[in-house]
Amino acid sequence: MEHLPPRQAYQVRCTLSFGDIYGQVLLWIMVIFMSLAAAMALMGSSRPLFALIAVGLVLVLSLPFLLFAFVTTLLNHVALEPLPQADTTSAATKGQSPRKKE
C-alpha cells in the first residue's frame, strides 16, 4: 500500500477590526443622510411621491455595494495559518483537535 504524506492542519484566523470598515460605515451613513436631505427637500415641493421613490432608490441601489465592500473586506482579513508540525502530531496521538495555545 502506498504511503501518503501526513496532512497539514490549518488554523482559520480573522484579523478584521472595526477600524477596517469604519470608513465604509461613515461613507454609507453620509449617503443615507444626503438622500434623506434630498427627500425632505422634495417633500416640501408639490411631489412627495418623488421623495419616497428617491429614498427607496438610494437604499436599494447602495445596499448591494455596501454588502460587497463588507464581504470583500472580511474575506481579505481571513487567514489560513498552518499549525506547527509538533502541535498536529501531539494532538493526533492524544485524540484531541489541534489548537494553538495563546
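Caption draft 1: Local environment of the pattern of salt bridges. Counting across every chain of the model gives 1 salt bridge. One salt bridge in this structure joins R13 and E81, with 3.7 Å as the shortest N-O distance. Of this pair, R13 sits in strand β1 (residues 10–14) while E81 sits in strand β2 (residues 78–82), placing them 68 residues apart in sequence. Judged by relative accessible area, R13 falls into the partly exposed class, the value being 34%.

Caption draft 2: Here's a closer look at helix α2 (residues 48–76). An ideal rise of 1.5 Å per residue puts 42 Å on 29 residues; α2 measures up with 43 Å between its terminal C-alpha atoms. At S62, α2 is bent by approximately 30°, the largest bend along its length, and proline P64 sits one to four residues beyond. Residues of α2 that are buried include every one of A51, V55, S62, L66 and T73, and no others. Buried residues belonging to α2 abut α1 (18–44).

Caption draft 3: Highlighting the confidence of the model for the protein. Averaged over every residue, the pLDDT of the protein is 79; the share at 70 or more is 82%. Per-element averaging of pLDDT across the protein places helix α3 (residues 85–94) at the bottom with 57 and β1 at the top with 89.

Caption draft 4: View of the packing of α1 against α2. Contact pair α1 / α2: the axes reach a minimum separation of 8 Å and the direction vectors enclose 175°. Between α1 and α2, the crossing angle belongs to the class labelled roughly antiparallel. Considered class by class, the residues forming the contact of α1 with α2 number 21 nonpolar, 4 polar and 1 charged.

Caption draft 5: Molecular detail of α1. Between its first and last C-alpha atoms α1 spans 38 Å; for 27 residues at 1.5 Å apiece the expected length is 39 Å, and the two agree. Buried positions along α1 lie against α2.

Caption draft 6: Fine view of a nonpolar patch on the surface. Taken together, the side chains of L42, M43, L49, F50, L52, I53, L57, V60 and L61 make up a nonpolar region of the molecular surface, amounting to roughly 870 Å² of accessible area. Going through the elements one at a time, α1 and α2 are the ones with two or more residues in the nonpolar patch. When residues in the nonpolar patch are grouped by element, the largest group, 7 residues, is from α2. In this structure V60 comes out as exposed when scored by relative accessible area, which is 58%.

Caption draft 7: Main features of the side chain of S35. Positionally, S35 belongs in helix α1. Classification of S35 by relative accessible area gives buried; the value is 8%. The residues touching S35, leaving out its near neighbours within four places in the chain, are V55 and V58.

Quick notes on the rules
Residues numbered from 1 in each chain as written. Predicted model: local features only at pLDDT ≥ 70, side-chain atom pairs only at ≥ 80, totals over all residues. Heavy atoms only, no water. Salt bridge = Lys/Arg side-chain N within 4 Å of Asp/Glu carboxyl O. Helix = DSSP H or I, 4+ residues; strand = E, 2+ residues; numbered from the N terminus. Buried < 20%, exposed > 50% of the residue type's maximum accessible area, 1.4 Å probe, protein only. Expected span 1.5 Å × (residues − 1). Bend = angle between axes of the 7 residues up to and from the residue. Contact = heavy atoms within 4.5 Å. pLDDT = per-residue confidence, 0-100. Axes fitted to C-alpha atoms, helices over the stretch in contact; angles between N-to-C directions. Parallel < 35°, antiparallel > 145°, perpendicular 65-115°, else oblique. Nonpolar A, V, L, I, M, F, W, Y, C, P; charged D, E, K, R; others polar. Patch = residues over 30% accessible without salt bridge, like charges linked within 9 Å, V, L, I, M, F, W, Y side chains within 5 Å. Areas by Shrake-Rupley, 256 points an atom, 1.4 Å probe, with all protein chains shown as cover.

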